[in-house]
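A look at the structure
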Amino acid sequence: MDHQTIDETHVVERYLLGQLSTQEAETFEDHYVDCAECLDRLELSRRLRQGLLQVATEEAVQAAVVQRLGLLARLARLGRSRQLGLALAAAAVLLLLPAGLLLREVRRLDGELIEARKQPSAEPGRQEAEAARKALAAERARAEQERTALQQKSEQLSAELEKARQPQVNTPIYPLSPERSGPGDGEPSNRIAAGPATGWVVLSLDLGAPETSNRTFHATLRRGPVTIWEGGGLHPDPQGSLVLSLPASLLSPGDYSVTVDAKNTAPAHFTFRVRPGR
Amino acid sequence: MERFGRGIRFLLLERTRDAARADDLFQETFRLALEKVRAGELREPEKLAPFLRQLAKNLFIADYRKTTKRATEDLDDVPAPADPEPSQLDQVLQAEDARLVRELLRELEPPRDREVLFRFYLASETKEQICARLELSSVQFNLVIHRARLRFRSLVERAGMRPGMKEDGGSSHSRIRAGMS
């Protein structure tokens, strides 16, 4: 093993990084145990690497602090614009954890700043520390509010999920026939009672002939002009009925229509009125 | 021992990452080597370097096995391991090395050269990977590493901390002695 090869193929660095094969490493070891020049290079490269590691670590720590403060600001903005629904339950739970961690980080930084203010050596930077403390306190307050709101929402969603997991007894089933006239013509003849204790409501929509069971339908549930829910790729049962289970919480009192259509088929309209129940 | 001591110590330190353990194994390597040479087990004197290297590695492996076996037999009976934290002197020297590296990085132009160093020395990327990612030729890459190495050496020497020039090489004490001589 000659020095030109060692230099050109960076054997010294690759040895320290463990990138040489076993045989290459042994050959190089046999050489360097008796070579002051290579030992100099090895020690120098090891120190260069350790120095780079220390510099990189310090820079990473500084970057992490800046990133955390940025995250905190973003978290504070989230709460003002987001409407959480049932579909976001998982996201809400996931958000709680970083919010808590960030809050703890803010408290820790706050404590450090208070300690720093007590030190005489910190006097020249006292104003900056005070400003930073106030900014952190404001961020902490916002994060606290956000955390509380998320926690309440999470508890509410957990209660709803728990309720939904329970078996339903005497679930009301409403068989509906299609309206002859179009939607919006006259008062709905079907009446449905839905209240806080109702849980779920089942609508059995009669689509007519059983041969419809092998076709794919699209259904739209509206309350007045507002679309509440819609779904595609729906298959009726063998009797030609499309059965929809709806959470009663979706059905506030009012007039509703369900439109079911398929390709090359006239749409079927179903109407019903929801009145307050128990 | 004068001729091979520094290299064997470096090898052991690289394996153990523990100066105290490396020192113990170093002493044992040369004690055993002397016994074997006297007993005529080294038939080809020109192969003394591989002989010592293999002896040191075998002792390291045996010591490693002994330590791990002890640890798995009964954790309560395991003697306290050597302090893995660097000594105060080593910490000072490491801080000084970091200062020199910062100075080196400040001087590097263009800034891409800094990235080459970080990728090569820390991220363990190969020369080919770095050249492909940063669109460098092999010659350019070699030049960056060569210049950085030379500059770091001159910074180290200017700071009076030359790489080990004494028989026992890598320890912090020898570095100080070398620097003061």
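Heads up: these notes are all about the structure in this document. No experiment lies behind these values; they were computed from the predicted model shown. (Residues numbered from 1 in each chain as written. Chains lettered and ligands numbered in written order. Predicted model: local features only at pLDDT ≥ 70, side-chain atom pairs only at ≥ 80, totals over all residues.)

1. Quick look at the sheet that holds strand 3 (residues 200-206) of chain A
In a beta sheet, neighbouring strands are held together by backbone hydrogen bonds and run either parallel or antiparallel to one another. Residues and elements named next belong to chain A. The strand order across the open sheet built from three strands is 1-3-6, with neighbouring strands paired in mixed fashion. At either end of the open sheet lies a strand with only one pairing partner, and these are strand 1 (173-176) and strand 6 (241-247). Strand-to-strand twist in this sheet, taken as the mean axis angle between neighbours without regard to direction, amounts to 20 degrees. Bridge analysis of strand 3 against strand 6 gives seven bridges, and the strand direction is antiparallel. Within the sheet, the bridge partner assigned to Val202 lies in strand 6 and is Ser245. (Pairing = 2+ DSSP bridges. Helix = DSSP H or I, 4+ residues; strand = E, 2+ residues; numbered from the N terminus. Axes fitted to C-alpha atoms, helices over the stretch in contact; angles between N-to-C directions.)

2. Some words on the interface of chain B and chain A
Contacts between the two partners involve 35 residues from chain B and, on the opposite side, 25 residues from chain A. Counting only elements with at least two residues in the side of chain B that touches chain A, the list comes to helix 1 (5-16), helix 3 (48-73), helix 4 (88-107), helix 5 (112-122) and helix 7 (138-158) of chain B. Among the elements that line the side of chain B that touches chain A, the one with the most residues is helix 4 of chain B, at seven residues. Of the residues in the side of chain B that touches chain A, the class split is 20 nonpolar, seven polar and eight charged. (Contact = placed C-beta atoms within 7 Å. Nonpolar A, V, L, I, M, F, W, Y, C, P; charged D, E, K, R; others polar.)

3. Some words on the nonpolar core
B:Ile8, B:Leu12, B:Leu52 and B:Ala56 are the most contacted members of the largest nonpolar core, which totals 25 residues. Put simply, the parts of the chain that give this core at least two residues each are helix 2 (11-16), helix 3 (22-32) and helix 4 (36-81) of chain A together with helix 1, helix 2 (19-38) and helix 3 of chain B. Look past the residues within four positions of B:Leu52 in its chain and what remains in contact with it is A:Val33, B:Phe4, B:Ile8, B:Thr29 and B:Ala33. With 19 residues, the next largest nonpolar core counts A:Ala248, A:Leu251, A:Phe270 and A:Val274 among its residues. (Core = buried A, V, L, I, M, F, W, Y, C linked by C-beta atoms within 7 Å. Buried ≥ 20, exposed ≤ 12 C-beta atoms within 10 Å, placed from the backbone.)

4. Considerations on unusual backbone geometry
Residues and elements named next belong to chain B. Within the chain, Arg17 stands out as a residue other than glycine whose phi angle is a positive 55 degrees. Tracing the chain through its elements places Arg17 in the loop between helix 1 and helix 2. One non-glycine residue, Glu135, lies in positive phi territory at about 55 degrees. Note that Glu135 resides in the loop between helix 6 (127-134) and helix 7.

5. Let's talk about the sheet that holds strand 7 (residues 254-261) of chain A
All names here are of chain A. Read from one edge to the other, the open sheet built from five strands follows the order 2-8-7-4-5, with strand pairing classed as mixed. Each edge of the sheet is formed by a strand with only one pairing partner; in this case those strands are strand 2 (191-194) and strand 5 (226-234). Sheet twist, expressed as the average angle between the axes of neighbouring strands with direction ignored, equals 25 degrees. Strand direction decides the pairing type here: strand 2 and strand 8 (residues 268-276), joined by four bridges, are parallel. Of the residues in strand 8, the one forming a bridge with Arg191 is Arg273.

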